Structure formats: C-alpha cells, structure tokens
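# Structural characterization, general
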Amino acid sequence: MSTRKKIALIGAGNIGGELAALCARKELGDIVLFDIPAKADFAKGKALDLEQNSSVIGYDAKITGSSDWKDCAGADVVIITAGIPRKPGQSRDDLVATNLPIIRSVAAGVKEHCPDAFVIVISNPLDAMVYELKRATGLPRERVVGMAGVLDSARFQLFLAREANVSIKDVRAMVLGGHGDDMVPVLSATTINGVAATELIAREKLDAIIARTRTGGGEIVKLMGTSAYYAPASAAVAMAEAFLLDQKRLLPSAVYLDGEYGYKDLFMGVPVIIGGRGVEKILEIKLTDDEKAMLAKSAKSVQGITDVVKATPAA
Ligand code: A3D
C-alpha cells in the first residue's frame, strides 16, 4: 500500500485536469480524478494521459480516473470544482441553481468517504458553495476553505506589475472579501518589494487596475466562452501545498467567520495562515475606513447569496 498522500479532485473538467497536472508535477501525492458516471471514461482518459506524461516529465504519482466515491476514500486533500462554469453574460450568482444540488451531492460523498480531509472549494458562487459544503459535511472550520483570494490577488498583482513595469515576483498584494465584483483589493497592504504601490503608480491608474481586477474573471469568460482554469488551479494548489507541506503560508482564503472582522456565520475572503493543521490562524489586519466600507459592501452581497442557499431546501 502506498504511503503517499492522497489528493481527490472532484470534477475532472478544465480546472480539475490542470489541478491534476500541477499536483503530479509537484509530486504532492497520488491523485484521483473524480467525475459523475456519465463522465467516468473522460476522467479515466484524462488520468491515463497524465500518467503517461509522468514518463516524459519524470514524476512519481499514481493518477486514477473514477466515478466511485470509494476511490476517494481516505483522501488527505479534496479539491472541489464540480459544477458548471460561467458563460458570457452570466454572473457567478447565476450558477447557484445548478451548482447547489451538485455541491450537496459532493458534500455527502466527502462526509462519508473523506471526513479527515482538508477541503478546498472552487465551485461558484464560491463563498456560498463553500458555506454549504461546510454546513452539509459538518467539518470543522479549520478544514474547509474556499479558493478565490489567491487568484484575485494574482490578477491584481499582474496588472500592477505591468503598469509599474516591474517583475511580477516583486509585487505583493491582497484581495479580500467575497469572490464577486465588489471584492476588496487592499491597497494599504499592496507593495512592490516593500515600497507602497501608491508611491509608484498614480491613483487614477490604481483605480483602473482595481476595476479590472474586480471583473478579471468576467474578462476571461468573455474572451474564452468559459471561465479561467490555469491560474485558478495554481492558486488552489498553493493552498493544498501549504497544508500538505505544513508551510504556514499567509494566503487570502474564504473561511468561516465567527465574529472576525465583525462578521458571523459567513464565508468570506480574509488573510489566514494555512499549515499542516489546516487554517491555523485567521489574521485580523488593520484596514482603512474605506477598505472597511468596501468589505461591508462585499459581505452584504455574500450574505445575500448565502441566504438564498440557506433557504433552498434539499431536492
Ligand atoms: P468544467 O470544465 O465544466 O468542469 C466541471 C466538472 O464538474 C465537469 O466535468 C462536470 O461533469 C463535473 N461535475 C458536475 N457535477 C458533478 C458531481 N456531482 N460530482 C463530480 N463532478 C461533477 O468547469 P471548470 O473546471 O472550468 O470550473 C469548475 C467550477 O469552478 C465552476 O463552477 C467555475 O465557475 C468555478 N471557478 C471558480 C473560480 C474561483 O476563483 C472561485 C475560478 C474559475 C472557475
């Protein structure tokens, strides 16, 4: 029996495939690429392609395609992308009717077969779907997170790097709040290797970059006809890696708030430390009054869609 870590990827679509490729290349563990029975062969084919790739690239990872939850049993990490992505013109909240029953069925699988896993949700509308996953599984808040902040921060960082004409490696930024068009790029925590971004980039340019960050997902949907998958997968792998390797990374993540920042019974993006025990700490950083007001607006949107989810009875 393998003593490698086990990573179950629920949803073998665009993000699922890229997640598998990244986890394999980083040799984070053996991988199960899970999808619904109608897509079982697709998942198996993708897994086989990626396993054959191990011979070219040179990585040790067993990759299995499956539609049987038993194959996910005992996973250390579960990453959920099950559901449909946006099409041009749709908002993330438009996906709730389709993705809520999917998340509920995935939650039942996780609860029965992977009760000890660190679970990362990617399916949209993110903050409401991760709320439901936690509610339906009953997992502790340390082990359920939503991926959005790492991706939204990455988008913000790219636009800042291009504007300032500096290496992307030197840009540090943080985007908090819900994964929607009123997410909160935190300028007071944004630096280019320690130098405040406001010193290097003019305010009007920063405002335009903030606006582009907020609609960064939609910009790609409009271009591709479906949502982004390379950067979303990398962002979730950074979170999985932080857990598997006990890196204690400070990453903006959607976590269950129980009074932090003044919010209760809500998932929303805030800075957290992820290590071997999952979410090891929620950091309450100082925000300007402006940033607090933006966070309140974002929280209101998240609360609205979360209330819809809470009021929707099981089918
Ligand atoms: P896609 O390529 O369609 O893959 C989704 C997969 O989920 C498909 O293969 C489906 O068959 C599968 N699926 C459906 N129901 C189930 C089920 N019950 N169990 C297991 N698998 C199932 O989509 P994608 O990979 O591009 O996107 C997946 C999700 O991520 C969508 O909801 C997107 O909106 C979301 N997304 C979130 C972000 C964030 O930053 C939070 C970014 C990009 C995409």
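Residues numbered from 1 in each chain as written. Predicted model: local features only at pLDDT ≥ 70, side-chain atom pairs only at ≥ 80, totals over all residues. Heavy atoms only, no water.

In the annotation of an unreviewed UniProt entry, the protein chain is listed under the name Malate dehydrogenase and assigned to Polyangium mundeleinium. The annotation that UniProt attaches to the protein chain under Catalytic activity (unreviewed entry) is "(S)-malate + NAD(+) = oxaloacetate + NADH + H(+)". Among the UniProt annotations of the protein chain, the heading Function (unreviewed entry) holds the following wording: "Catalyzes the reversible oxidation of malate to oxaloacetate." (UniProt positions renumbered as here; feature names shortened; annotations may be inferred.)

Where helix α1 (residues 14–25) meets helix α2 (residues 40–57), the axes come as close as 11 Å, and the angle between the chain directions of the two elements is 30°. Regarding the angle of α1 to α2, the classification is roughly parallel. Once α1 is placed against α2, the crossing between them reads as right-handed. Residues N14, G17, A20, A21 and R25 of α1 form the contact with α2, whose own contacting residues are K46, L50, N53 and I57. Looking at the contact of α1 with α2, its residues break down into four nonpolar, three polar and two charged. (Axes fitted to C-alpha atoms, helices over the stretch in contact; angles between N-to-C directions. Helix = DSSP H or I, 4+ residues; strand = E, 2+ residues; numbered from the N terminus. Parallel < 35°, antiparallel > 145°, perpendicular 65-115°, else oblique. Left-handed = near helix turned anticlockwise from the far one by under 90°. Contact = heavy atoms within 4.5 Å. Nonpolar A, V, L, I, M, F, W, Y, C, P; charged D, E, K, R; others polar.)

Moving on to the pairing of strand β12 (residues 249–258). Taken across its ten residues, β12 has seven buried, putting it largely inside the fold. As paired strands, β12 and strand β13 (residues 264–275) are joined by ten bridges and run antiparallel to one another. Along β13, the bridge assignment pairs P252 with P271. Connecting the antiparallel pair β12 and β13 is a turn made up of five residues, with G259 showing a positive phi of about 110°. (Buried < 20%, exposed > 50% of the residue type's maximum accessible area, 1.4 Å probe, protein only. Pairing = 2+ DSSP bridges.)

Our focus in this paragraph is the side chain of D30. When you line up the elements, D30 lands in strand β2 (residues 30–34). Taking the relative accessible area as the measure of exposure, D30 reaches 13% and is therefore buried. From its side chain, D30 meets the backbone nitrogen of K62 in a polar contact 2.8 Å long. In this view, D30 contacts S2, R4, K5, K6, I7, A61 and K62; residues no more than four positions away in its chain are not counted. (Polar contact = N/O pair within 3.5 Å; in protein donor to acceptor, adjacent residues only side chain to side chain.)

One full turn of an α-helix is made of 3.6 residues, so residues set three or four places apart face in the same direction. Between its first and last C-alpha, helix α3 (residues 96–113) extends 25 Å over 18 residues, near the 26 Å set by a 1.5 Å rise per residue. For α3, the complete set of buried residues consists of V96, N99, L100, I103, R104, V106, A107, G109, V110 and H113. Close packing links the buried residues of α3 with β1 (6–10), β4 (77–80), β5 (118–121), α4 (126–137) and α10 (289–311). (Expected span 1.5 Å × (residues − 1).)

Right, let's get into the packing of aromatic side chains. In total, this model carries five aromatic pairs according to the counting rule given. Among the aromatic residues, those joined into a ring-pair cluster are Y131, Y256 and F267. Positioned over the ring face of F42 is K39, at 4.9 Å from the centre of the ring. One cation-aromatic arrangement involves K134 over Y256; the distance from NZ or CZ to the ring centre is 4.7 Å. (Phe/Tyr/Trp six-rings, centres within 6.5 Å; stacked < 30°, edge-to-face > 60°. Lys NZ or Arg CZ within 6 Å of the ring centre and 35° of its normal.)

Moving on, we get to the sheet that holds strand β10 (residues 191–192). In space, the three strands of this open sheet follow the order β7-β10-β11, with antiparallel pairing throughout. Each edge of the open sheet is held by one strand with a lone partner, namely β7 (171–172) and β11 (195–196).

This brings us to the site of the ligand. As a matter of local geometry, the ligand sits amid 29 residues, with N14, I15, D35, K39 and I84 nearest to it. N124 places a side-chain nitrogen or oxygen 3.0 Å from an oxygen atom of the ligand. Compared with its free state, where it exposes 870 Å², the ligand has 90% of that area covered by protein. Contributing elements (two or more residues each) for the shell around the ligand: α1 and α3. Looking at the shell around the ligand element by element, the count peaks at four residues for α3. (Near = heavy atom within 4 Å. Areas by Shrake-Rupley, 256 points an atom, 1.4 Å probe, with all protein chains shown as cover.)

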